[in-house]
Structure formats: C-alpha cells, structure tokens
Amino acid sequence: MSSVQLSQHRDDIILMTLDMSGKSANVLTDQVYADLDSALDELESSPPAGVILLSAKPAIYVAGADLVKISGALDWSDEQIHQFCDDGRTIMSRFSRLPSVSVAAVHGVCVGGGMELSLWCDHRICADDRRTLFGLPEVKLGLIPGWAGTVRLPRLIGLEPAADLVTSGRLISGADCLELGIVTRVVARDQLIEESTRIIDAEVAAGEFRRQREKLLGPVTELPVDMERFRTGQQARIDANPEIDPVAPTRVLTHMCDSASLPAAAAYTSEMQVFARVWGSPQNRGLLHWFFLEERAKKTRGDFGDAGPPVIETIGIIGAGLMGCQIARLVLAAGYQVLMFDADRQKLVRSVRELSESAKNGERLQLVDSIEAFGPCDLVLESIVEKLKIKQQLFERLCAVVGPETFLATNTSTIPVSDIAQAVTHPSRLVGMHFCLPVEPLRLVEVIAGNQSSPVITSVAVDLVKAMRKTPVVVADQPGFVVNRLLCPMLNRALDLLQNNIGVSQIDEPMREFGFSVGPLEMIDFIGVDTIMYAGETFLRTMPGLISLNPVLPVLVKRGRLGRKTGSGFYCYESFDSPPEVDPDFESIMANYQKEPLAANSDEILAQLLDPMVTAARGVMTDGVVADRRDVDICSVLGTTFPAVRGGILYWADELRAGQSTGAMPS
Ligand code: NAD
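Residues numbered from 1 in each chain as written. Predicted model: local features only at pLDDT ≥ 70, side-chain atom pairs only at ≥ 80, totals over all residues. Heavy atoms only, no water.

With that settled, consider the sheet that holds strand E4 (residues 50–55). If you trace the six strands from one edge of the open sheet to the other, you get E1-E2-E4-E7-E9-E12, paired in mixed fashion. In this open sheet, the two edge strands, each paired with only one partner strand, are strand E1 (4–10) and strand E12 (185–187). With strand direction ignored, the average angle separating the axes of adjacent strands in the sheet is 25°. Pairing analysis gives four bridges linking E4 to strand E7 (residues 101–106), with the strands arranged parallel. Bridge pairing in E7 links Val51 to Ser102. Of the strands in this sheet, E1, strand E2 (13–18) and E4 are in contact with helix H1 (residues 30–45), which crosses E1 at around 35°. (Pairing = 2+ DSSP bridges. Helix = DSSP H or I, 4+ residues; strand = E, 2+ residues; numbered from the N terminus. Axes fitted to C-alpha atoms, helices over the stretch in contact; angles between N-to-C directions. Contact = heavy atoms within 4.5 Å.)

A word on the pattern of salt bridges. The full count for this structure, using the stated rule, is 36 salt bridges. For Asp164, the salt bridge identified is with Arg170, shortest N-O distance 2.6 Å. Judged by its relative accessible area of 18%, Asp164 falls in the buried class. Arg561 is the salt-bridge partner of Asp583, the closest N and O atoms lying 2.5 Å from each other. (Salt bridge = Lys/Arg side-chain N within 4 Å of Asp/Glu carboxyl O. Buried < 20%, exposed > 50% of the residue type's maximum accessible area, 1.4 Å probe, protein only.)

Attention shifts here to the environment of Ile60. Relative to the assigned elements, Ile60 resides in strand E5 (residues 60–62). Between the C-alpha atom of Ile60 and that of Leu546, which follows or precedes it by 486 residues, the distance is 48 Å.

Let's shift gears to the side chain of Thr406. For Thr406, the location among the structural elements is in the loop between helix H16 (388–399) and strand E17 (407–410). Ignoring anything within four residues of it in the chain, the contact list for Thr406 reads Cys377, Asp378, Leu379, Val380 and Arg429.

The subject of this paragraph is the side chain of Ser3. Looking at the secondary structure, you find Ser3 in the segment before E1. Taking relative accessible area as the criterion, Ser3 reaches 7% and is therefore assigned buried. Reaching out from Ser3, the side chain makes a polar contact with the side chain of Asp35 at a distance of 2.7 Å. (Polar contact = N/O pair within 3.5 Å; in protein donor to acceptor, adjacent residues only side chain to side chain.)

This part covers the site of the ligand. Taken together, 24 residues lie near the ligand, and Met323, Asp342, Glu386, Lys391 and Ser413 sit nearest. In the model, an oxygen atom of the ligand is placed 3.0 Å from a nitrogen or oxygen of the Asn411 side chain. In the complex, the protein chains occlude 85% of the 820 Å² of accessible area that the ligand would expose alone. Taken together, the residues of the shell around the ligand sort by class into 11 nonpolar, eight polar and five charged. (Near = heavy atom within 4 Å. Areas by Shrake-Rupley, 256 points an atom, 1.4 Å probe, with all protein chains shown as cover. Nonpolar A, V, L, I, M, F, W, Y, C, P; charged D, E, K, R; others polar.)

It is worth spelling out the sheet that holds strand E19 (residues 444–449) at this point. Ordered by their spatial adjacency, eight strands build an open sheet running E15-E14-E13-E16-E17-E18-E19-E20, and the pairing between neighbours is mixed. Looking at strand neighbours, the two that pair on one side only are strand E15 (365–367) and strand E20 (471–476), the edges of this open sheet. For this sheet, the mean angle separating the axes of adjacent strands, direction not counted, is 25°. When strand E16 (residues 379–382) meets E17, the two strands line up parallel, connected through four bridges.

This part is about helix H20 (residues 504–514). All buried positions along H20 are accounted for by Val504, Ile507, Asp508, Pro510, Met511 and Phe514. For H20, the angular spread of the buried residues around the axis is 165°, confining them to a single face. Where H20 terminates, the next one or two residues include Gly515, which has phi positive at roughly 130°. (Arc of directions from axis to C-beta.)

Let us now look at the packing of helix H19 (residues 483–499) against H20. Contact pair H19 / H20: the axes reach a minimum separation of 9 Å and the direction vectors enclose 145°. The way H19 lies across H20 gives a crossing that is right-handed. In contact with Met490, Ala494, Leu497 and Leu498 of H19, H20 contributes Val504, Ile507 and Met511. The residue inventory of the contact of H19 with H20, partitioned by class, reads seven nonpolar, no polar and no charged. (Left-handed = near helix turned anticlockwise from the far one by under 90°.)

Let's shift gears to helix H5 (residues 149–157). Counting buried residues along H5, nine of its nine residues qualify, which places the element largely inside the surrounding structure. Within H5 the residues assigned to the buried category are Gly149, Thr150, Val151, Arg152, Leu153, Pro154, Arg155, Leu156 and Ile157. Just downstream of H5, Gly158 is the residue with a positive phi angle, here 105°.

Below, the discussion takes up the packing of aromatic side chains. Counted by the stated rule, this structure contains 15 aromatic pairs. Between Phe514 and Phe516, the aromatic rings sit 6.0 Å apart at their centres with planes inclined by 25°, giving stacked as the arrangement. You'll find Phe514 and Phe516 in the same group, each marked buried. Ring centres 5.7 Å apart and planes at 90° place the aromatic pair Phe516 and Phe642 in the edge-to-face group. With a gap of 126 residues between them, Phe516 in the loop between H20 and helix H21 (520–527) and Phe642 in the loop between helix H26 (629–640) and helix H27 (649–658) connect regions that are remote in the sequence. (Phe/Tyr/Trp six-rings, centres within 6.5 Å; stacked < 30°, edge-to-face > 60°.)

Let us look at unusual backbone geometry. In most cases, non-glycine residues show a negative phi, while peptide bonds are predominantly trans. The amide bond that connects Leu437 to the next residue, Pro438, takes the cis arrangement and shows omega of -5°. If you trace the backbone, Pro438 turns up in the loop between strand E18 (430–435) and E19. Its identity is not glycine, yet Ala148 carries a phi of approximately 85°, on the positive side. Within the element layout of this structure, Ala148 appears in the loop between strand E10 (133–135) and H5. Overall, Ala148 belongs to the buried group, its relative accessible area being 1%. Even without a glycine there, the phi angle at Thr641 is positive, about 70°. By the secondary structure assignment, Thr641 is in the loop between H26 and H27.

Further remarks concern the environment of Ile327. Within the secondary structure, Ile327 sits in helix H14 (residues 322–333). Each C-alpha atom, one on Ile327 and one on Met468, is 9.0 Å from the other, the two residues being 141 residues apart in sequence. Leave out the neighbours within four places in its chain, and Ile327 touches Ile317, Leu381, Ser383, Asn411 and Phe435.

When you line up the elements, Val220 lands in the loop between helix H9 (208–217) and helix H10 (227–239). Accessibility expressed as a relative area gives 5% for Val220, which makes it buried. Through-space distance from the C-alpha of Val220 to that of Pro612 is 52 Å; in sequence the pair is 392 residues apart. In contact with Val220, not counting residues within four places along its chain, are Pro154, Arg155, Leu159 and Ala260.

Attention shifts here to the state of the cysteines. Evaluation of the coordinates by the stated rule reveals zero disulfides. Free cysteine: Cys325, not disulfide-bonded; nearest cysteine sulfur from Cys377 at 16 Å. We classify Cys325 as buried; its relative accessible area is 15%. (Disulfide = S-S within 2.5 Å.)

Membership of the largest hydrophobic core comes to 125 residues, with the highest contact counts inside it found for Met340, Phe374, Met433, Phe435, Leu498, Leu521 and Phe570. In contact with Leu521, not counting residues within four places along its chain, are Ala494, Leu495, Leu498, Val504, Ile507, Asp508, Phe570 and Tyr571. Among the nonpolar cores identified, the runner-up in size contains 78 residues, and Ile14, Leu253, Ala264 and Tyr268 belong to it. (Core = buried A, V, L, I, M, F, W, Y, C linked by side-chain atoms within 4.5 Å.)

Our focus in this paragraph is the packing of H19 against H21. Running from amino to carboxyl end, H19 crosses H21 at an angle of 115°, the nearest separation of the two axes being 9 Å. Where H19 crosses over H21, the two elements pack in a sense that is left-handed. Only Pro520, Leu521, Met523 and Ile524 of H21 make contact with H19, whose side of the interface consists of Leu487, Met490, Leu491, Ala494, Leu495 and Leu498.

If you want it as structure tokens, here you go:
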C-alpha cells in the first residue's frame, strides 16, 4: 500500500494523508518520496482547488529524513549528496507549483525534512496540543537542513528568527510558530480539516497565495538592520551553547547570511554546498552514531515475562550523604514513597529537611530512626560509605528486618556486588545500581547483575532507573563496572602527570577542550577525593596493573582536602556550587612528591589521558563487562562526559584509527 493516500474531502478539495505502514512515525524514505511523487502526478493531472496534507500518525507528523539511509551513505561523493538534496527539493517543491492551494495540517512532531515539506505548502496550520512541535534540529546531528529549509524559512519569517531556529536546532510549539508567522492558525486537532478548508476557500477567492509564492522565490525581505552585528551576536550564541557542536551551526549561519540577498534558486545551491561539507564530517558521524545509541537505549525495559512487573511503592534509602540525597530526589520525583536513614542523625535531619522543602513530591519523604523501620519497604537501596565490611554489616542487619520478597540494591561504585551479597540472606534479591556524580546532569545508571542477582531484580532496577528518567545499562559484576573502569586509569594518569610537574589547569584544560564537561582533577574534586581513593584501593586489590599506586590522593585526604564537599581539593571552592579557583597552596603540597619533570604540550597531555581510557574501554569488552560495544559508548558519554559529538569512546577510537576523526575536531 502506498504511504501517501489521496481521498476526496469535498468535490474540489483532496486530502493527502501520509501513513507509512507499520511505523509510528512518517519518515522521508526513498519509498515515501516515490509515493509522494506519484500522488503529486495524480493531483497535477486533475488539480483540485485545494489539497490538505495530513498525517495518519497519532504523535508524529513527519519525523524527517531517513537517518538509516544517511548513516549508510556517509562516504558519498559531493555529486551524490547534491543529488540527494536536488531530488528531495524537486519533489517537495511541486506543492509550490501546483495550481491548487496547499495546506499542511499538522498535529504531532513536524521536524527536519518534515518541517521543510510543510514549508513548501502555501499554508501551515497546526493542532493546539503539547505534542505538536516544529523545528529544524539537523545541527544536533552535525548536519544542516538540505531541502530548502534554510532558504524558505528566512524568506517566510525573516532572517533573524529563522537563523535562530536553524542554528539552535530547537523545537517550538504551535503558539510560538503562530507568533513567528510559520503557521497561519492554531486550532483544536479535530478542527484541522475544517480550518484548512476555510483557508483554501479564502485563498481561492483572494489569490494571495500566488503573491506569497513569488515572495519566497526572491531574496529575504526582512533583514537585520546591522548584518555584521547580527552575525557576531548569533556566532557568540552558537559558541556559548555547550549542547551543540558549533561546526554545523557556524556553517549554516554563514550560508544563511551570505545568501539572504540572493534569489532563492541561488540560495538552494549555497545550501546544497554547505550540506555536502557537513555530511560525513567527523561531527556528523559521531552524532549520528550517538543518535542511534540513544534510540536503542530508549527501548531498554525490564523483562518480567508473563508475571509482569512487581508492585513497588515504598523505597528505603540508607545513607543521606552526597549520593543518597541526590538519589532520593530522583526517587521522589518518580512518585515513590521514600523512607530515609543515616547513622549520622544530624546529617539525616538536615538532609531530610532540605529534601522535603525542595524536592518534587518532598512530602512523600519520611525520616526513620533505625534500620528496623524498613520492614514495609518494597525495595531498599543503600548508599553508605564505600567499605565492604560496613556494607556487609548493614545488609546483615537489614535482612533481619525485611522479608525475602524485599528487593535490595547497593549504590557501590567499585565493590563487587557478589562480595556484598555474601552478607545477604537471599542474594538473588540484591542488585547494584551505580549512579554517577553529579547525579542530575549525568544520565547513566549502571545496573550491576551480581553472580547471584536474579533476572527479576535486574529488571526491577532497570525499570526503576527508567522511572527516574535515567538511562540504565546492565553490566557484569567486575571491578569498577564500566564507568569507573574507564575513569580510574585516566584519573590515575592525571595524578602521575601532576607528579611530573604539570600544573592542575594544564592537565584539566585539554580534556575540557576535547569536550569533557570537566577536566580529570576537577572531576575528582566533584566525586570526592576520598571516594576516588577508596575506588583506587579496590582496583589495586582486584585488578592489579590497571592503575598504579600514587601518593597524591592520600596526602589530600590526610589534609582534609576532599574536594568540593570540604571546600578544597585540587582547586578551592567558595561554596559547594561555586566555580573552581586555582589554589596557590597546592604547589607547595605537591613539592615533596615531584618526580621527573615532563615537557608535554596540550595535545600530548590529552593523548596521555585518553590512552588509558581507550585501553580500559577495550578491556571492558575483552572481559565481557558488557556484551555490546555500544554499551561502552553509552557509558562513556552518559557516565564520564566523553563528548557525544565523538560518538563514544570506542567509536571515536576506531574512527580515529580509520582516519575519519581527529583528536582536535576540524572546524
Ligand atoms: P558520603 O560520605 O557523602 O555519604 C555516606 C553516608 O553514609 C554518610 O552520610 C554516612 O553518615 C552514612 N553512613 C556511613 N555508614 C553508615 C551506616 N552503617 N549506616 C547508615 N549510614 C551510614 O558518600 P557518598 O559519596 O554519598 O557515597 C555513598 C555511596 O555511593 C558509596 O558506596 C559510593 O561509592 C557510592 N557512589 C559515590 C559516588 C560519588 O561520586 N561520590 C558515585 C557513585 C556511587
């Protein structure tokens, strides 16, 4: 069956409905284009007064270009890429040459090529629901719109708002579209056809659409008063946006400014040329790889078979420290009742008060005075100090209180779950849930299946992570799991470099430039100097050779410099959330621990830091910590802040070897 259906609405009005069979979204595949072309042939052979372009999908009007096709064609020649642009634009542009008035009647997401398709129609109207969004998010994939989106949008609404939308890739609501002049009306969803019909009748009477068609073929009429100032301002905004790699937005900004005074036909050529430059770029490759990783991660769910998921209503959290509090915030936001306990009563009272006041659903949090109060919990998660003996003692006590049906979880960062499980009466009920710090921006939670963890508890943890709007990756119970296995050797190398007389900022800067959100030493300050030291001790014991013994962390711990939480570590901090400041005292602390000085430039420092991370990533695969290498990439980006634009650590390392990527991304 064709993905484009024509049906009669009125004698003189045709409904053209996009409906890719078996899919939840319409995507502009070759087949959809061919079907669209045939449907337009049919319309042209006997043109109606009006055509209304609809989607049969409930939530997505048209999702955009066929990314599967694009990802298989990244090595195309410029000629092939130009053809790709030409072909799509030629078919879409037929709407603007039909004698009929065309109205794209949009409900649901209308983005990328979908929005471009709608821009070729004479009018766009949309439903007033929250799911209806428009946008040209190509820059988020290192691409730019290639079917005249960068040409028609500025000619429709002016250069300033158009450039802002295209370079930011942001999606906007129907109401915003109305304000900008992208849509003609916003109506209730069940009024879309009626309203389109009214517009067609009015246009047939007045013929205004013909003037608008002419306008869209000329140069942009609404230009910024001061073009150079506009460019500089837009560029500054692009450079300041940490969410989006600047290469594609910068290129598209230049093209949109330079071609604004040209007729549309010349601007199409310019768009096509820029499109070919970004297509297959390292950024485009990395971001496409990352896009598919995220799509795959979204589909991860717990598997409970016919039994269905168990009911989880009340969750106990033991440990009201740095991690416990942040986890409690997420658990509350997900709608659970929470009981919280900490051995340090003062800290517990302070934390519970703070969470009750500031967390979403804070009223669902209850302080409890002893572990004995956890009896009614469906799941208890511990997040206490990273010491095996202490965790085991805790679980022994807990098991005397909770029934065998209670699920148990540990937020250990390095201790094998199977070791902790030795103290658990029903070890199949225990799973590891390793949250990353800071919990809020880092979306990863490693779900650690211990040797005895049952598939049910693993699935419970996976679904709990999803309920907290985080990304679960199930990993084997091996030291450091994935994230710390990747991080610790890199952090260890940073400590070695310090001993080679390389300064704190000199070590951190190249990693930030590479795209990590913080450098390694700032990261240690974030996580806690003591926590990293304990993690290091575990590695030294369980994986000899992965890291080397280094005196720096014990020295800092002895001085109480535990990082942000104590106001100083490698840097000093005015308060927990304030930016790091270089600490003039730090050099003198290091003076007794210096080894051979090393002369290294920032590229060499970067390589020194990334090499052990790549080796560790390969080790994760060899040792079977995860079965699928894509999980290593997910963990690297969502757990260590390795830049998504590079596609993840293994993808990046392989691309680098294949010569497609570079340490320093080309601009
Ligand atoms: P923290 O020192 O901030 O908090 C630990 C809390 O546990 C303290 O409030 C302490 O009073 C309490 N506690 C200690 N022993 C207890 C006991 N027997 N019973 C009840 N409460 C007890 O530490 P944190 O950074 O929140 O780390 C907690 C856990 O989370 C550790 O296992 C750690 O490895 C893990 N983790 C930490 C990070 C990180 O980056 N800090 C990341 C992931 C996981």
